[in-house]
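# What the coordinates show
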Amino acid sequence: MTDTPAPGAGPEDEDLNARHKAKMAKKKAIRDKILSEKTETRGVMIVNTGAGKGKSTAAFGMALRCVGHGMKVGVVQFIKGAMDTAERDVLARFPDQVTFKAMGEGFTWETQDRERDIAAARRAFDVAREWLADPEYGMVILDEINVVLRYGYLPTEEVIEALEARPIHQHAVLTGRNALDEVIERADLVTEMKVVKHPFRAGIKAQAGVEF
């Protein structure tokens, strides 16, 4: 691509283009310098939280990215599990790389049984802890564990201990609303999804391909 002005471009356009090019060149130099200083390679702890939609969806997107890199992924769902999901069906097509266990029994307002929820959370974490200690897994996704910790279904210290003891190369992804401060403090990457607008508020029910 050349810098030849488009037909009919006047001096003002040429000046604007020149200033834009100089600005982008300066920005690239800054970015290149920043990237050259990032030399550490290790697994990171990622937290997707907030009231907005997309926390689990973003985690599953990273799972597919790992599959593309030939990595092994473990997904354990702490709350969801009572219904089939498209994400589970898609990831099941890669049995050599992805282990997906939906171990929840539904949302807490559906079960209405605290002891049952605690027992389900314990079973799910026993599986997750095995994966977090297994160096073959490049990523472990603990879907909705933030909700579990918020309600006190598992000791926060126990979960954090397992996360911090995982293999150096392994990534861990924690999803769910209201992530605890202790979890956020130890995470390397925290994203808070914020609701700006949602079709549910306008009376539109959950849609295939959007919500599930």
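Residues numbered from 1 in each chain as written. Predicted model: local features only at pLDDT ≥ 70, side-chain atom pairs only at ≥ 80, totals over all residues. Heavy atoms only, no water.

## Let's talk about the nonpolar core
The nonpolar side chains of a soluble globular protein tend to be buried, and buried together. Counting 30 residues, the largest nonpolar core has Phe78, Ile145, Val148, Leu154 and Leu174 as its most contacted members. Elements with a contribution of two residues or more to this core: strand S1 (45-49), helix H5 (114-132), strand S4 (137-143), helix H6 (145-150), helix H7 (156-164) and strand S5 (171-175). The element that contributes the greatest number of residues to this core is H5, accounting for 8 residues. Dropping the residues within four chain positions of it, Ile145 is found in contact with Phe78, Val159, Leu174 and Thr175. Of all hydrophobic cores here, the second largest spans 15 residues; its members include Phe60, Met62, Cys66 and Ile141. (Core = buried A, V, L, I, M, F, W, Y, C linked by side-chain atoms within 4.5 Å. Buried < 20%, exposed > 50% of the residue type's maximum accessible area, 1.4 Å probe, protein only. Helix = DSSP H or I, 4+ residues; strand = E, 2+ residues; numbered from the N terminus. Contact = heavy atoms within 4.5 Å.)

## A word on the pairing of S4
Extensive coverage of S4 is indicated by the burial of 7 of its 7 residues. Across 6 bridges, strand S2 (residues 72-77) lies against S4 in parallel orientation. Within S4, the residue paired with Val75 across the bridge is Ile141. Relative to S5, S4 is paired through 4 bridges, and the arrangement is parallel. Directly across from Val140, in S5, lies its bridge partner Ala172. (Pairing = 2+ DSSP bridges.)

## Considering the side chain of Arg166
Here Arg166 lies in the loop between H7 and S5. For the buried Arg166, no salt bridge is present, and the opposite-charge side chain at shortest range is Asp188, 4.7 Å distant. At 3.3 Å, the side chain of Arg166 and the backbone oxygen of Val44 are in polar contact. Non-local contacts of Arg166, meaning those with residues more than four positions away in its chain, are made with Gly43, Val44, Met45, Leu132, His171 and Ala172. (Lys, Arg positive; Asp, Glu negative; His and termini not counted. Salt bridge = Lys/Arg side-chain N within 4 Å of Asp/Glu carboxyl O. Polar contact = N/O pair within 3.5 Å; in protein donor to acceptor, adjacent residues only side chain to side chain.)

## Things to note about the side chain of Thr175
Positionally, Thr175 belongs in strand S5. Under the relative-accessibility criterion, Thr175 is labelled buried at 0%. Here Glu144 takes part through its backbone nitrogen, which lies 2.7 Å from a polar atom of the side chain of Thr175. If sequence neighbours within four positions are ignored, Thr175 has contacts with Asn48, Lys55, Ser56, Ala59, Leu142, Asp143, Glu144, Ile145 and Asn146.

## Section: the packing of H5 against H7
It is at 9 Å that the axes of H5 and H7 come closest, and there the two elements cross at 20°. With respect to H7, the axis of H5 lies roughly parallel. You can see that H5 and H7 cross each other, and the crossing is left-handed. Packed against H5, whose contacting residues are Arg122, Phe125, Arg129 and Leu132, the element H7 presents Glu158, Val159, Ala162 and Leu163 at the interface. Residues that form the contact of H5 with H7 fall into these classes: 5 nonpolar, no polar and 3 charged. (Axes fitted to C-alpha atoms, helices over the stretch in contact; angles between N-to-C directions. Parallel < 35°, antiparallel > 145°, perpendicular 65-115°, else oblique. Left-handed = near helix turned anticlockwise from the far one by under 90°. Nonpolar A, V, L, I, M, F, W, Y, C, P; charged D, E, K, R; others polar.)

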